[in-house]
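Structural characterization, general
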Amino acid sequence: MLSITINNQTIENFYKKDCQNNQNKFIDNLIGYIENYKIKQSITTGLHQAQLIKNGKLEKIDLKQALRKL
């Protein structure tokens, strides 16, 4: 069985209100937020690299190679 100790009022409120004190729902929401964060970071990195290429500060690379890095 999983036990969660929360020492943060904001997180505790989220757990109680948004997750209705349901541990599985809480964990699913956390996993969703982490996945979204990773996607956002990949897009941000890609846009930053595109700007560097546009400014001539980064060498152009093949699209397949760029996608593999993301």
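This report concerns the structure included in the present document. (Residues numbered from 1 in each chain as written. Predicted model: local features only at pLDDT ≥ 70, side-chain atom pairs only at ≥ 80, totals over all residues. Heavy atoms only, no water.)

1. Some words on the overall build of the protein
Within the protein, the secondary structure is distributed over three helices and zero strands. For the protein, the spread of C-alpha atoms along the three principal axes comes to 50 × 25 × 15 Å. In the form shown here, the protein has an accessible surface area of approximately 6,300 Å², with 54% of it arising from carbon and sulfur atoms. Charged side chains of the protein number 11 positive and 6 negative; the gap between the two group centres comes to 8 Å. (Helix = DSSP H or I, 4+ residues; strand = E, 2+ residues; numbered from the N terminus. Areas by Shrake-Rupley, 256 points an atom, 1.4 Å probe, with all protein chains shown as cover. Lys, Arg positive; Asp, Glu negative; His and termini not counted. Charge placed at Lys NZ, Arg CZ, Asp CG, Glu CD.)

2. What about the pattern of salt bridges?
Going through the model one piece at a time under the given rule, you end up with one salt bridge. Among the salt bridges present, the one from Lys16 reaches Glu12, with a minimum N-O distance of 2.8 Å. Of this pair, Lys16 and Glu12 both sit in helix 1 (residues 9-17), separated by four residues, roughly a single helical turn. (Salt bridge = Lys/Arg side-chain N within 4 Å of Asp/Glu carboxyl O.)

3. Things to note about helix 2 (residues 23-54)
For helix 2, spanning 32 residues, the distance from its first C-alpha to its last is 46 Å, which sits close to the expected 46 Å at 1.5 Å a residue. Its side-chain oxygen 2.9 Å from the backbone nitrogen of Asn24, Asn22 forms the N-cap of helix 2. Following helix 2 by one or two positions, Gly56 has its phi on the positive side, about 75 degrees. (Expected span 1.5 Å × (residues − 1). Polar contact = N/O pair within 3.5 Å; in protein donor to acceptor, adjacent residues only side chain to side chain.)

4. Brief notes about the packing of helix 1 against helix 2
Running from N to C, helix 1 and helix 2 cross one another at 120 degrees; their axes reach a closest spacing of 9 Å. One way to sum up the angle between helix 1 and helix 2 is to call them oblique. You can see that helix 1 and helix 2 cross each other, and the crossing is right-handed. Contacts between helix 1 and helix 2 pair Ile11, Phe14 and Tyr15 from the former with Gln23, Phe26, Asn29 and Tyr33 from the latter. Counted by class, the contact of helix 1 with helix 2 contains five nonpolar, two polar and no charged residues. (Axes fitted to C-alpha atoms, helices over the stretch in contact; angles between N-to-C directions. Parallel < 35°, antiparallel > 145°, perpendicular 65-115°, else oblique. Left-handed = near helix turned anticlockwise from the far one by under 90°. Contact = heavy atoms within 4.5 Å. Nonpolar A, V, L, I, M, F, W, Y, C, P; charged D, E, K, R; others polar.)

All quantities given are derived from atomic positions and should not be read as evidence of function.
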